[in-house]
Amino acid sequence: MFHSIKHHFKIWLFLSLRTFQITLIYRFSTLLFLLGKIIRFFTFFLFLYFLTSKTATLAGYNQNQIIFFYLTFKLIDILLQIFLRGVYWFRGSLVSGNFDLKLTKPVNPLFAVLFSHTDLLDISTFILLALFIINFLQKAAFLITLQNLLLYLLLLLNGFIIGLALNVFIVSIGIITLEVDQLIWTFRDLSAMARYPLDVYHINLQRFLTYIIPIGLIFTVPAKAFFGILTLKWIIFSFLFGIIFLLFSLKLWQFCLKRYNSASS
Amino acid sequence: MRKYTKLIRITWQQYFVYRVNFFAWRLRNIVFFLSFYFLWLAAFQNKNELFGYNLPKILGYIFAAQILRSIILGSRTADLAGEINSGRLSIYLVRPISVLKYWFSQDIADKILNLLFLTSELFLIFFLLRPPFFVQTNPFAIVLFIVSVFLGILLYFYIDFLLGLIGFWTPETWAPRFLFIWIIQLISGSIFPLDILPQKILSLANLSPFPYLIFFPIKVYLGELTKPQILSGFLVCSFWVIFFYLFLSRVWKKGLKIYSAEGQ
């Protein structure tokens, strides 16, 4: 098992460096993309900042808490985008038949699908965001306990695992239906609803975004744990959901892979 | 004129080839709207007024913004750069059809379809949620609103077409478009009313053409501008429309001179 992890890590590093090389060819475009991402970040940051400057609370949270929900959302969103970019190329490889080549290689095909286009430049965006969060936390003067911080980090990881499981679910469905792009963009649009705490929404919508499409578990729950307002029931439920959903998605992948029909390569 | 009407019908048919894509596109519009609708409801939970808006007016703003996003910012000219890079622009050049009118016809088709489906989606949302949103009853304000929307459509079309012409000089057209999209989202008023920004930032934004795409038409609709403000707004917007049209014509001529139809 350790050998397999080391083998796949080397492949991931190799592919990521190749993707980075391609990025460096188009330096000007890369700079423009980076600027666009920074403007996108500040668009919603400024909106929430100025909105909450006039309201005492929003869904029971003060300005600093609302901003922290947004920063947590961006953190997990960027992590998912960094590592799981390969999903955007999956449909193309299915319809062209190039997926057949991935199946013949000594690499786990699911790994090859999801982790093949990691953009190392996005890691710079992640680092910038992390620094921004640390700076924000120092100014916000939250009462941070070690327990809440640890729980926050563990639930961030759990959020990433649920996001990963969702992507596995989407590519599995994609093998049968070829509908990958619309599913992934629908997931991203639904995820965007978690820019602020789900408490903002109608209770039925909250339930839908927690139990059916687990956006709440990915993005809102870690921030709530940070503030120490998450009950033990929710903590256990989140971790259990993450593990069960991941196992289910992996099984679904195996099931769908056995029913894969090549488009011819 | 008949050929452009036919083009509109063909564009509609293209949309319904991939029905799942179409359905997902409509769903994404609804999701986007709902995320702001509930946010503003939560903001007004303990407040009667924010940034000079009451609840009916702010909900009127976001309803109008949803409509204007679809009919002003919805465009097919994003495909233009790809056509230039691949050499397929030659097909349009040899046809007895104006390239500008061709793309504008496609845009109109896109906007009409958007408006039709959006109306039914918003009607459904209104039926389910019964929001107390502001409805303008002053016919003069409605006429001015329609004129400002028409100017906004022209303005965005010219700007977007200009972006597509980058394809004459470089294949890297998606990055400038991505940056441009987010600049527009920030300062057009499509995500939030620009009034919530401090006056200095708002003054800077007003130096650009972007507030005249969404923010200015909605303010006209809400009846929140004085007559001098409406007049100066129309004058500035008209200036930008003429400016971008003339600039576009020059860039188009320059682009055609170096166009080599690579790939054809």
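Residues numbered from 1 in each chain as written. Chains lettered and ligands numbered in written order. Predicted model: local features only at pLDDT ≥ 70, side-chain atom pairs only at ≥ 80, totals over all residues. Heavy atoms only, no water.

1. Examining the overall build of chain A
Summing up its helical and strand segments, chain A has 12 helices and 0 strands in all. The linear arrangement of helices and strands in chain A, starting from the amino end, is α-α-α-α-α-α-α-α-α-α-α-α. For chain A, whose C-alpha radius of gyration is 20 Å, the value lies close to the compact-globule estimate of 18 Å for 265 residues. Reported as C-alpha extents along the three principal axes, the dimensions of chain A are approximately 60 × 45 × 35 Å. Of all 265 residues assigned to chain A, the portion counted as buried reaches 51%. Relative to all contacts within chain A whose residues are 6 or more apart in sequence, the contacts with residues 24 or more apart total 82%. When the accessible area of chain A is evaluated, it comes to approximately 13,000 Å², of which 70% is carbon and sulfur surface. Taken as two groups, the 21 positive and 8 negative side-chain charges of chain A have centres that lie 7 Å from each other. (Helix = DSSP H or I, 4+ residues; strand = E, 2+ residues; numbered from the N terminus. Rg over C-alpha atoms; globule rule 2.2 N^0.38 Å. Buried < 20%, exposed > 50% of the residue type's maximum accessible area, 1.4 Å probe, protein only. Contact = heavy atoms within 4.5 Å. Areas by Shrake-Rupley, 256 points an atom, 1.4 Å probe, with all protein chains shown as cover. Lys, Arg positive; Asp, Glu negative; His and termini not counted. Charge placed at Lys NZ, Arg CZ, Asp CG, Glu CD.)

2. Some remarks on the interface of chain B and chain A
Facing the 35 residues of chain B at the interface are 33 residues of chain A. Between chain B and chain A, the buried area comes to about 3,300 Å², and carbon and sulfur atoms account for 78% of it. Across the contact surface, chain B and chain A share 1 salt bridge. Here B:R28 makes a salt bridge to A:D189, at a shortest N to O gap of 2.3 Å. Within the residue set of the side of chain B that touches chain A, elements represented by two or more residues are α2 (19-43) and α8 (174-187) of chain B. For the side of chain B that touches chain A, the element with the highest residue contribution is α2(B), accounting for 15 residues. For the side of chain B that touches chain A, the per-class residue count stands at 28 nonpolar, 4 polar and 3 charged. (Buried area = accessible area lost by both parts, 1.4 Å probe. Salt bridge = Lys/Arg side-chain N within 4 Å of Asp/Glu carboxyl O. Nonpolar A, V, L, I, M, F, W, Y, C, P; charged D, E, K, R; others polar.)

3. Examining the packing of helix α3 (residues 63-83) of chain A against helix α7 (residues 120-140) of chain A
Residue and element names in this part refer to chain A. In contact at an axis separation of 10 Å, α3 and α7 are set at 160° when each is read in the N-to-C sense. Taken together, the axes of α3 and α7 are roughly antiparallel relative to one another. You can see that α3 and α7 cross each other, and the crossing is left-handed. Contacts from N64, I67, F68, L71, K74, L75, I78, L79, Q81 and I82 in α3 reach D122, I123, T125, F126, L129, F132, I133, F136, L137 and A140 in α7. (Axes fitted to C-alpha atoms, helices over the stretch in contact; angles between N-to-C directions. Parallel < 35°, antiparallel > 145°, perpendicular 65-115°, else oblique. Left-handed = near helix turned anticlockwise from the far one by under 90°.)

4. Side note on the environment of A:Y196
Positionally, A:Y196 belongs in the loop between α9 (181-192) and α10 (203-212). For the pair A:Y196 and A:I67, spaced 129 residues apart in the sequence, the C-alpha separation amounts to 8.0 Å. Among residues more than four places away in sequence, those in contact with A:Y196 are A:L48, A:Y201, A:T220, B:S35, B:F36 and B:L39.

5. Things to note about the packing of helix α8 (residues 146-177) of chain A against helix α11 (residues 215-226) of chain A
All names here are of chain A. Packing of α8 against α11 brings their axes to within 8 Å, and their N-to-C directions diverge by 175°. Regarding the angle of α8 to α11, the classification is roughly antiparallel. The residues of α11 that touch α8, namely those facing N148, L149, L151, Y152, L155, L156, G159, I162, G163 and L166, are L217, I218, V221, P222, A223, A225 and F226. Considered class by class, the residues forming the contact of α8 with α11 number 14 nonpolar, 3 polar and no charged.

6. Description of the confidence of the model for chain A
In the predicted model, chain A carries a mean pLDDT of 89, and the fraction of residues at 70 or more is 99%. Across chain A, element-level confidence peaks in helix α12 (residues 232-258) of chain A with a mean pLDDT of 95 and bottoms out in helix α1 (residues 2-25) of chain A with 84. (pLDDT = per-residue confidence, 0-100.)

7. Some points on empty space enclosed by the protein
All chains considered together, the criterion is met by 3 cavities of 30 Å³ or more. Around the largest cavity, the lining residues are A:D77, A:L80, A:Q81, A:L84, A:V87, A:Y88, A:N167, A:I184, A:F187, A:R188 and A:S191. Of all the secondary structure elements, the ones that give two or more residues to the lining of the largest cavity are α3, α4 (87-96) and α9 of chain A. Computed from the structure, the second largest cavity encloses a volume of approximately 50 Å³. Taken together, B:F32, B:F33, B:F36, B:I62, B:A65, B:Q66, B:R69, B:S190 and B:I191 make up the lining of the second largest cavity. Elements represented by at least two residues in the lining of the second largest cavity include exactly α2 and α3 (55-71) of chain B. Of the residues forming the lining of the second largest cavity, the biggest block, 4 residues, is contributed by α3(B). Its residues assigned to classes, the lining of the second largest cavity comprises 6 nonpolar, 2 polar and 1 charged. (1 Å grid on protein atoms, 1.4 Å probe; cavity = no way out; pocket = protein on both sides within 12 Å on 5 of 7 lines; lining within 4 Å. Points joined across faces, edges and corners; volume = space filled by probe spheres on them.)

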